[in-house]
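Residues per chain, in single letters:
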Amino acid sequence: MGDFNLALVIVAIVVCVLVFIFNVYLLVNFQHPDDANQAYFPKFVVVVGLSIALISILMLPADVANRQACRHAIYNGACNLTLPMKDLWLAVYIVDAVLVFFIIPFAMFYYEGDQDKSVGKRIKSALLWVVTTAIVCALVLGILYGLVGKVDFTVMHLSSSNTTFPSSWDFSSSQQCIGGSGSHACSAYLATASSEKTWTMRTTFPEYVVALATIVGSVLFAIFGGVGIACLPLGLIFSFIRRPKAVITRSQYIKEATELGKKARELKKAADALHQEERSGSKGRKWRKNVKAVEKELLQLEEDVKLLEEMYPQGEKAETAWALTVLGYLAKLVLGILGLIVSVAWVAHIIVYLLINPPLHPFLNEVFIKLDDVWGLLGTAAFAFFCIYLLLAVIAGAMMLGLRLVFITIHPMKWGATLMNSFLFNVGLILLCSISVIQFCSTAFGYYAQATAAQEIFGHTLQSLRGIKYLYKYNVFQIAFVVLAGLTFVYYAAFGWRRKKPSGRFQLSA
């Protein structure tokens, strides 16, 4: 079958099926009991969105494997029986953009619509928001594509004259051109700066849409990813440090449970007042601030209840429950240490390979290549793990900043207690950042992923796009990522070990 990689096609099909099954499993186990046997459309969007995000990340290792199937071809054009990776990339990311900017917002507006309204009115209201968004996005994309939708490639103009075929060639360091040096410049090494030219061409519209989506995702990725790459492992480690050291007495349990009950009644009263304000139509800045405060206090209350249950296990298997609690915190410590190693490796790789020019060392690129030499899929699996770890860091960073910044909405993911709007929000965030994760990985592991379709799209085109290329030329996103990672590490080192003090009586701001 020539260069056609049948094994790669089989693996790709099997992985897609496994990803779909895994996402259905996540949905079933994370969903809130109130969403059981209903909200089928948002659930379908969640499964499809998560599948697209994971498949898009796994496509980069597949792209590398697909290129390796052409290793016997003299040039890429001679290898035309492998997977059409460039078309697959564009298709996946166009679907990604449609999900992020249209389908997921529609599902969220429909799900969060007033339950007292009929289904038709909720659909109409959601469509109104989505159509308005679609018109604005179409106008912005059309105008930008018409004005600056071009790529400027910097090339070197080399030329040489013609001559009859000689019986012998007479070339030297001073004579490098056919027919004499003259005014021709045929050596890139000796060419002057004046030989550099700019080759301008219009990019395709799908590539332009992917590029702009990547820019939006890169901003979020630099912020959430930079914070999350540090807080993901350190949060697990400091969770072990702040763990309950021993079981409390029954009297202590009753005292703490009574205080939590009072706090729960205060929050219920505040939530009812906010719901009444919402019905009256007074949803101003103060209302949103109070909603944020209630959400934050509710999350803290849930954490306090969980901690209290851990400190005073009840029932016939209380001792077993306490033993599992201890083992759970030990697992967090082990995972935190392993995650810290991965995070340090990521930050070190960014510094030595991306921020320093020329790169000091290939670092992780060389590790993946050596792992491939040990076993064909070992380097690919490690490569995919590092990419997926970045996505987990983005979610961790969004959760941390969401608890501390007023303008970021909290959408926690909890086992057996995740509402569909939180699911949809996090899926949208994952999809939006997955494009940037792929672009980031294709750049960071450029030596390992060289000559792939991903590098053609995210490397050459994106980094030469007019008006955008300077963000990548000066490593703006990589620098922001490293700086935020360092600041988060300092924050956790200074305050992460402290146990949160219980808040006093909760009141809405006047």
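Before reading on, note that the structure itself is shown above.
Overview of the structure. (Residues numbered from 1 in each chain as written. Predicted model: local features only at pLDDT ≥ 70, side-chain atom pairs only at ≥ 80, totals over all residues. Heavy atoms only, no water.)

1. Quick word on the nonpolar core
If you look at soluble globular proteins, the nonpolar side chains tend to sit buried side by side. Counting 82 residues, the largest nonpolar core has Trp 89, Trp 346, Leu 390 and Phe 445 as the members making the most contacts within it. With near-sequence residues (within four places) excluded, Trp 346 lies in contact with Ile 229, Phe 386, Tyr 389, Leu 390, Phe 440, Cys 441, Ala 444 and Phe 445. Residues Tyr 145, Ala 211, Leu 212 and Phe 477 belong to the second largest nonpolar core, which totals 13 residues. (Core = buried A, V, L, I, M, F, W, Y, C linked by side-chain atoms within 4.5 Å. Buried < 20%, exposed > 50% of the residue type's maximum accessible area, 1.4 Å probe, protein only. Contact = heavy atoms within 4.5 Å.)

2. Comments concerning the environment of Phe 440
Within the fold, Phe 440 resides in helix α11 (residues 420-444). According to the relative accessible area criterion, Phe 440 is buried, its value standing at 4%. Spatially, the C-alpha atom of Phe 440 lies 8.5 Å from that of Ser 218, the residues being 222 residues apart in sequence. Aside from chain neighbours lying at most four places away, what touches Phe 440 is Phe 221, Trp 346, Ile 350, Leu 354, Leu 390 and Gln 478. (Helix = DSSP H or I, 4+ residues; strand = E, 2+ residues; numbered from the N terminus.)

3. Comments concerning the environment of Gly 467
By the element assignment, Gly 467 lies in the loop between α12 (453-461) and α13 (469-473). Once the C-alpha coordinates of Gly 467 and Lys 150 are considered, the two residues, 317 residues apart in sequence, prove to be 9.2 Å apart.

4. Considering helix α4 (residues 119-148)
Taking 1.5 Å of rise per residue, 30 residues should cover 44 Å, and α4 covers 42 Å from first to last C-alpha, within 8% of that figure. Every buried residue of α4 is accounted for by Arg 122, Ala 126, Val 130 and Tyr 145. In this structure, the buried side of α4 is in contact with α3 (85-111), β2 (196-202) and α5 (205-241). (Expected span 1.5 Å × (residues − 1).)

Such coordinate-based values are descriptive only and should not be taken to indicate function.
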